[in-house]
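Understanding the architecture of this molecule
What follows is each chain in one-letter form.
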Amino acid sequence: MGFSCGIVGLPNVGKSTLFNALVATVRAEAANYPFCTIEPNVGRVAVPDPRLDEVARLAGSPRVVPTTLEFVDIAGLVKGASRGEGLGNKFLAQIREVDAIAHVLRCFEGGDVAHVMGGIDPVRDAEIVETELLLADLESLERRLEPLIKRARGGEAEARATLAVAEPVLAELRRGVPARRVALRSEQAETFRRLQLLTAKPVLYVCNVDEAAAATGNDHSRAVMAFAAGAGAGTVVISAAIEAEIASLPDEAERQDFLASLGLEETGLKRMIHAGYALLDLVTFFTAGPKEARAWTVKRGASAYEAAGLIHTDFQRGFICAEVISYDDFRACGGEPGAREAGRARQEGRDYVVKDGDVILFRFNV
C-alpha cells in the first residue's frame, strides 16, 4: 500500500535541493531497496526495518520486499496560491493527492539565493503556506455548503451526515483553525476524509539548516519546533548540503565517518522516512513464506480483515482467520514452527486489530 508525503515550501527554501539530495543519497548508498525515481518529481523509498530481514532469515525467504513511502516534490507555492497566483491551482491539486505534507522551511542565513520574502523567518513561511491552504479549504467548503443544505432539507441522509461534519469544520476554518485540529466523533472520520481538505493532512516541518546546525539545530529550527508543537505537527532537522556531500562519498565507511564527525547517527533520508512513517501513524505487519518475506503498511487500528484486503481482494473476500505471531515471539522461538510448538501462534478473527510487528498468515477460501 503506497503512502505519500508531498514536499512543499516557498520558492528558494531548498525544497527541490533537498529532494534531489535525498535521491542522490540513496543512490550513493546502493542499498538493497533503493529510492526509485518514478517521475522527475516523484520518488519511492523503502522504510528501513531490521525486523523484516530477521523475519526473512528465520523463514528462509529468499526475497525481501519492504514497505515504502513516496515523496513528491510539489511545485513551489507563492502568496496568493489559493487565488490561483503562480502555479497555485496545480500546487493545490497536487497536495490533494498526497497523504501528508512535508513542509520544507529555510532555517539558514546567507547563501547565494535570496529568500523570496526578503529575509529568513521560517515561522512566517510556515504561516504563509498554512494560510493559503486554509483559504483554499474555506473556498471549497463554502462553495459546497448551500447545495448540501438544500439536499439535507430534502431528506437526503448522506447530505445530512456530510453537513454535520462540514459545518463545524467550516466554523473552525473561519477562526483560522486547520481542519486536522477539529474534534469529530470516530464515526465521522470517513465523511471527513471525503471532504478532501488540504488542512486535514498531517504536517511535518522539515527544518533545512546549514552543516554546522545539522546535529543541534539553531534558533530558527527551535522556533519552528515551538510553532509545530502548538500546531500539533512534527519536526525534523536536516541539511540538504550534508545530504549532497554524503552522496558524493564513495563507500559506506566514509559516509558513516562523515556522519559521526557531525554528531549524526544516520542520514537525513532515514530520519525523513522515520518521521514520515510516524507522522502518518502507520504500523507494519509481515508475511513470510518460501518465496518471500514482505512488510505491509496499514493505519494504526486497522483490522485483520482490512489487512487481508491489502494483500489481495481474494484474501478479504474469502477470509477465514488470521494466524498471528508477534515479532518478539517469532524471533524468540526461531520462526513459525518454534512459535507454534511453544503455543505462541494464535488464531484471530476479522475484527482483530493488527499490531505493529505482527507476523500473519491469512487463511481464506474463495
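Residues numbered from 1 in each chain as written. Predicted model: local features only at pLDDT ≥ 70, side-chain atom pairs only at ≥ 80, totals over all residues. Heavy atoms only, no water.

Right, let's get into the environment of Ala293. Relative to the helices and strands, Ala293 resides in strand S10 (residues 292-299). The class for Ala293 is buried, based on a relative accessible area of 0%. Along the primary structure Ala293 and Val55 are separated by 238 residues, whereas in three dimensions their C-alpha atoms are 6.9 Å apart. With sequence-adjacent residues up to four places away left out, Ala293 is seen in contact with Leu52, Val55, Ala56, Ser61, Arg63, Val64, Val65, Thr287 and Ala288. (Helix = DSSP H or I, 4+ residues; strand = E, 2+ residues; numbered from the N terminus. Buried < 20%, exposed > 50% of the residue type's maximum accessible area, 1.4 Å probe, protein only. Contact = heavy atoms within 4.5 Å.)

All right, on to the pairing of strand S7 (residues 203-208) then. With respect to burial, S7 is a largely interior element, 6 of its 6 residues being buried. Of the two faces of S7, the one carrying Val203, Tyr205 and Cys207 and the one carrying Leu204, Val206 and Asn208 are both buried. With 6 bridges joining them, strand S6 (residues 100-106) and S7 adopt parallel strand pairing. What sits directly across from Ile101, in S7, is Val203. Taken together, the 5 bridges between S7 and strand S8 (residues 234-238) define a ladder with parallel strand orientation. Directly across from Asn208, in S8, lies its bridge partner Ile238. (Pairing = 2+ DSSP bridges.)

Turning our attention to the nonpolar core. Leu69, Phe71, Tyr205, Val206 and Met272 are the most contacted members of the largest nonpolar core, which totals 52 residues. Take this core: its biggest share by element is 6 residues, from helix H10 (residues 268-279). Ignoring anything within four residues of it in the chain, the contact list for Leu69 reads Phe3, Gly43, Arg44, Val45, Val47, Ile273, Gly276, Tyr277 and Leu280. Counting 18 residues, the second-largest nonpolar core is a separate cluster that includes Leu138, Ala159, Leu170 and Ala179. (Core = buried A, V, L, I, M, F, W, Y, C linked by side-chain atoms within 4.5 Å.)

The next point concerns helix H9 (residues 252-261). Listed as buried for H9 are Arg255, Phe258 and Leu259. The arc that holds every buried residue of H9, seen down its axis, measures 100 degrees, which confines them to one face. Facing away from the buried surface of H9 by more than 90 degrees, the exposed residues are Ala253, Asp257, Ala260 and Ser261. Two or three places before Ala253, at the opening of H9, Asp251 has a side-chain oxygen 3.1 Å from that residue's backbone nitrogen. At the exit of H9 stands Gly263, carrying a positive phi of roughly 80 degrees. (Arc of directions from axis to C-beta. Polar contact = N/O pair within 3.5 Å; in protein donor to acceptor, adjacent residues only side chain to side chain.)

What follows concerns the packing of helix H4 (residues 122-153) against helix H7 (residues 219-231). Two measures define how a pair of helices packs: the angle their axes make with one another and the distance between the axes. For the pair H4 and H7, the least separation of the axes is 8 Å and the interaxial angle reads 40 degrees. As judged from the angle between their axes, H4 and H7 are oblique. In this structure, H4 contributes Pro122, Val123, Ala126 and Glu127 to the contact, and H7 contributes His220, Ala223, Val224 and Phe227. In terms of residue class, the contact of H4 with H7 is built from 6 nonpolar, 1 polar and 1 charged. (Axes fitted to C-alpha atoms, helices over the stretch in contact; angles between N-to-C directions. Parallel < 35°, antiparallel > 145°, perpendicular 65-115°, else oblique. Nonpolar A, V, L, I, M, F, W, Y, C, P; charged D, E, K, R; others polar.)

What follows concerns the pattern of salt bridges. Note that side chains of opposite charge can pair when their charged atoms are close. Scanning the entire structure with this criterion turns up 24 salt bridges. Linking Arg57 and Glu54 is a salt bridge whose minimum nitrogen-to-oxygen distance equals 2.8 Å. Residue Arg57 and its partner Glu54 are both found in helix H2 (residues 50-59); the two are separated by 3 residues, about one turn of the helix. Close ionic contact of Arg222 with Asp219 constitutes a salt bridge, the shortest N to O distance being 3.1 Å. Taken together, the positions of Arg222 and Asp219, both in helix H7 and 3 residues apart, correspond to about one turn of that helix. (Salt bridge = Lys/Arg side-chain N within 4 Å of Asp/Glu carboxyl O.)

Here the distance between the centres and the angle between the planes together describe a pair of aromatic rings. Per the counting criterion, the structure on display carries 7 aromatic pairs. Plain terms: the ring middles of Phe315 and Phe362 are 6.3 Å apart, the flat faces sit at 55 degrees to each other, and that makes the pair tilted. Here Phe315 is found in helix H12 (residues 313-317), whereas its partner Phe362 is found in strand S13 (residues 359-364), with 47 residues between them in sequence. On the basis of relative accessibility, which here comes to 6%, the residue Phe362 falls in the buried class. Cluster of aromatic residues (ring-pair linked, three or more members): Phe285, Trp296, Tyr305, Phe315, Phe319, Phe362 and Phe364. (Phe/Tyr/Trp six-rings, centres within 6.5 Å; stacked < 30°, edge-to-face > 60°.)

Scope: geometric values only; no functional claims are made or implied.
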